[in-house]
Amino acid sequence: LLAGAVIFAVVFSAGGEAAAGPGLVFMTLPDLFVTMPLGMLVAAAFFLLLVFAAWSSAVSLLEVGVAWLVDEHGVGRQRASWGVGALIWLVGLSAARWGGVIDFLDNLTTRYMLPVGGLCIAIAAGWLLSREDREAGFAGLPVAGWLAPLWTFLIRFVTPSLVLFVIVAKMGLLEPASEAAQE
């Protein structure tokens, strides 16, 4: 959060465009580091820590595919790690080589996969879990008598409805048709 506040403060003070996305860190921070005393040292430390943050995130993402291959298909852990790693590397390489790939994957993920995943989670939590499991998190709370049924109602009816609304909106089905198309 602190890094985000600094980055956006630098962007706005330089008159930059804040909608540049994740690449903003590679455009804005070097300008900031140049003006700082010992800026090159700070820049080297920052980008080294950024690499470690990216690696730790990549390992956690890699683990999902590796665990699935090991648990469900009996593939050895080392073989699964190399295979999933190679697949992710190829996707990343193609995204770096052809900009349209990253745009396609970003669109696929944000417009469809995340909302559909949220809908599946809401349905599973609201309808497939037993009442005991669904309300276990409220045990011992003084407000459990009314909060647990409210949560159940929200997760069963409100959340799926709102997620479906987001999916339909992301598909562009809620935009008004133009007058030319109506004639």
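Structure shown above.
In what follows, the accompanying structure is described.

What counts and what doesn't
Residues numbered from 1 in each chain as written. Predicted model: local features only at pLDDT ≥ 70, side-chain atom pairs only at ≥ 80, totals over all residues. Heavy atoms only, no water. Helix = DSSP H or I, 4+ residues; strand = E, 2+ residues; numbered from the N terminus. Salt bridge = Lys/Arg side-chain N within 4 Å of Asp/Glu carboxyl O. Buried < 20%, exposed > 50% of the residue type's maximum accessible area, 1.4 Å probe, protein only. Phe/Tyr/Trp six-rings, centres within 6.5 Å; stacked < 30°, edge-to-face > 60°. Lys NZ or Arg CZ within 6 Å of the ring centre and 35° of its normal. Expected span 1.5 Å × (residues − 1). Arc of directions from axis to C-beta. Contact = heavy atoms within 4.5 Å. Core = buried A, V, L, I, M, F, W, Y, C linked by side-chain atoms within 4.5 Å.

Concerning unusual backbone geometry
Here is step 1 of the chain: The phi angle at L38 is positive, at roughly 55 degrees, despite the residue not being glycine.
Here is step 2 of the chain: If you trace the backbone, L38 turns up in the loop between α2 (24-35) and α3 (39-73).

Describing the pattern of salt bridges
Here is step 1 of the chain: If you walk through the whole model with that rule in mind, you get two salt bridges.
Here is step 2 of the chain: Residues E135 and R131 are paired through a salt bridge, measuring 3.4 Å at the closest nitrogen-oxygen approach.
Here is step 3 of the chain: On the accessibility criterion, E135 (19% relative accessible area) is buried.

Overview of the packing of aromatic side chains
The way to describe two aromatic rings as a pair is by their centre distance and the angle between their planes.
Here is step 1 of the chain: Summed over all chains, the structure comprises eight aromatic pairs.
Here is step 2 of the chain: Ring centres of W127 and F157 lie 5.5 Å apart, and the angle between their planes is 90 degrees; on these two criteria the pair is classed as edge-to-face. Note that W127 is positioned in helix α5 (residues 99-128) and F157 in helix α7 (residues 144-170), a separation of 30 residues in sequence.
Here is step 3 of the chain: Looking at W127, the relative accessible area reads 43%, which means it is partly exposed.
Here is step 4 of the chain: An aromatic cluster is built from F26, F33, F46 and F47, whose rings are joined through pairwise contacts.
Here is step 5 of the chain: For the cation-ring pair, R156 lies above W127, with the distance from its terminal atom to the ring centre recorded as 4.2 Å.

Considering α2
Here is step 1 of the chain: Helix length check: α2 (12 residues) gives 17 Å between terminal C-alpha atoms against 16 Å at 1.5 Å per residue, within 8%.
Here is step 2 of the chain: Those residues of α2 lying buried are L24, V25, T28, L29 and F33. An end-on view of α2 places all buried positions within 135 degrees of arc, on one side of the element. With respect to the buried face of α2, the exposed residues turned more than 90 degrees away are F26, D31, V34 and T35.
Here is step 3 of the chain: Its buried side turned inward, α2 meets α1 (2-13) and α3.

Some remarks on the nonpolar core
Looking at soluble globular proteins, one finds that nonpolar side chains tend to be buried together.
Here is step 1 of the chain: Core analysis: the largest hydrophobic core is formed by seven residues, namely I7, V11, L24, V25, L29, F33 and A43.
Here is step 2 of the chain: At four residues, α2 tops the list of elements feeding residues into this core.
Here is step 3 of the chain: The contacts of I7, once residues within four sequence positions are left out, are L24, V25, T28 and L29.

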